[in-house]
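Structural overview
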Amino acid sequence: MKQNIYDNNVFFQKYDDMRNNEKGHNANDVIEIPTIRSMLPDLTDMKILDLGCGYGENCKYFIDNGAKQVLGIDISTNMIEIAKNNNKNDKIDYKVMSMEDINKLEEKFNLVISSLAVHYVEDFDKLCKDVSNLLEKDGYFIFSQENPVGTGTILNEECNNETKIAIGNKKYYLLSNYNENGKRLVNWNNCEVIKYHRNFSYIINTLIKYFEIIELKEPIPTEQMIKQNPKYINQFDKPYFLFIKVKRK
Ligand SMILES: C[S@@+](CC[C@H](N)C(=O)[O-])C[C@H]1O[C@@H](n2cnc3c(N)ncnc32)[C@H](O)[C@@H]1O
């Protein structure tokens, strides 16, 4: 089932406030953006597809760093409107489109990228197959998603990232139903958000059907990250994100 939570105005306002009010200190700016950008190949003359492009910040970055053409797609009209206003460029095309429909695209790309969006897609195998069909030979698929140790939480119960207990001075994060892949309902920004949990072996075994695995990252907090936001020392205990770079076979 497709969910378009970013077009729910209550959710969207809170998400937008988080991204703007904590600019430079939120997990996207401190952890996600520097990590995924550190995994990019040379972008010169590349045609790039960004899945769940959001505000289009990465699309603009790709053009500023030599890409020839970028297509940014997102299921949310709110997101695409902001992308068109804030990160406009003649070489970027923004489209309201869901990742589930990318098999309708007729062009090929050198790189398909996605920041923090694939955990909203139910059928990961189909997504990988569609991405592989859209890639030129040797093209890359690079994506970040919520780490399975974070999505592997209690089935169909309200839960959030604060699910932890203290033993003495140390906090321990709770993990449950890790080996039951599928839908999770998470309360985020006062809304019920659907995400899909997949354990590591499922993710990796699906990817190797279509791709050669090049690199995985679970960011270890650097001194710089901790300076930008001291709470990210918690990444030593539980990584928020998983980053994967694969190449079309
Ligand atoms: C956490 S935001 C990340 C946005 C952007 N990639 C970034 O890193 O700033 C997730 C994005 O994925 C989009 N999204 C969620 N499900 C989608 C789907 N099925 N197809 C396309 N986009 C989707 C949302 O609308 C949202 O813009």
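Owing to the predicted nature of the structure, the values given are computational and were not obtained by experimental measurement.

This model, assessed by the stated rule, comprises 13 salt bridges. Put simply, Glu 57 and Lys 23 hold a salt bridge, and the shortest N to O gap is 3.6 Å. Of this pair, Glu 57 sits in helix α3 (residues 57-64) while Lys 23 sits in the loop between α1 (9-21) and α2 (27-38), and the two are 34 residues apart along the sequence. If you follow the salt bridges from partner to partner, you end up with Arg 19, Lys 23, Asp 29 and Glu 57 in one network.

The topology assignment puts Gly 139 in strand β5 (residues 135-146). In this structure, the C-alpha to C-alpha distance between Gly 139 and Lys 247, residues 108 residues apart in sequence, is 5.7 Å. The residues contacting Gly 139, other than those within four sequence positions of it, are Asn 110, Val 246, Lys 247 and Arg 248.

Tallied over the full model, the rule gives 0 disulfides. Not part of a disulfide, Cys 59 finds its nearest cysteine sulfur in Cys 53, a span of 4.8 Å. We classify Cys 59 as buried; its relative accessible area is 0%. For the unlinked cysteine Cys 128, the closest cysteine sulfur is that of Cys 53, found at 19 Å.

What follows covers the site of the ligand. Taken together, 18 residues sit near the ligand, with Arg 19, Gly 52, Asp 74, Met 99 and Glu 100 positioned nearest. One of the side-chain N or O atoms of Asp 74 is found 2.6 Å from an oxygen atom in the ligand. Calculation on the ligand without its partners gives an accessible area of 590 Å², and the protein chains cover 96% of this total. In the shell around the ligand, the residues fall into 10 nonpolar, 5 polar and 3 charged.

The rules behind the values
Sequence order sets the numbering: in each chain, residues are counted from 1 along the sequence as written. Reporting in this predicted model follows two pLDDT cut-offs: at least 70 for local features of residues, and 80 or more for side-chain atom pairs to be given and counted; totals over whole chains, interfaces and linings ignore these cut-offs and use all residues. In computing side-chain properties, one takes all heavy atoms of the structure into account and sets aside hydrogens as well as water. Salt-bridge detection follows one rule: a side-chain nitrogen of Lys or Arg within 4 Å of a carboxyl oxygen of Asp or Glu. Comment: elements are numbered from the N terminus, with helices defined as DSSP H or I runs of at least four residues and strands as E runs of at least two. Residue contacts follow a heavy-atom distance rule, with two residues in contact if any of their heavy atoms lie within 4.5 Å. Throughout, disulfides are identified as pairs of cysteine sulfur atoms within 2.5 Å of each other. Any residue under 20% of the maximum accessible area for its type is buried, any over 50% is exposed, and the rest in between are partly exposed; the area is computed with a 1.4 Å probe on protein chains only. In these notes, residues near a molecule or strand are those with any non-hydrogen atom within 4 Å of it. N or O atoms closer than or at 3.5 Å make up a polar contact, with two conditions inside protein: a donor-capable atom paired with an acceptor-capable one, and, for residues adjacent in sequence, both atoms drawn from side chains. Here the Shrake-Rupley method, with its probe set to 1.4 Å, supplies the accessible areas, and only the displayed protein chains count as covering residues. For this scheme, ten residues count as nonpolar: Ala, Val, Leu, Ile, Met, Phe, Trp, Tyr, Cys and Pro. Four count as charged, namely Asp, Glu, Lys and Arg, and the remainder, Gly too, count as polar.

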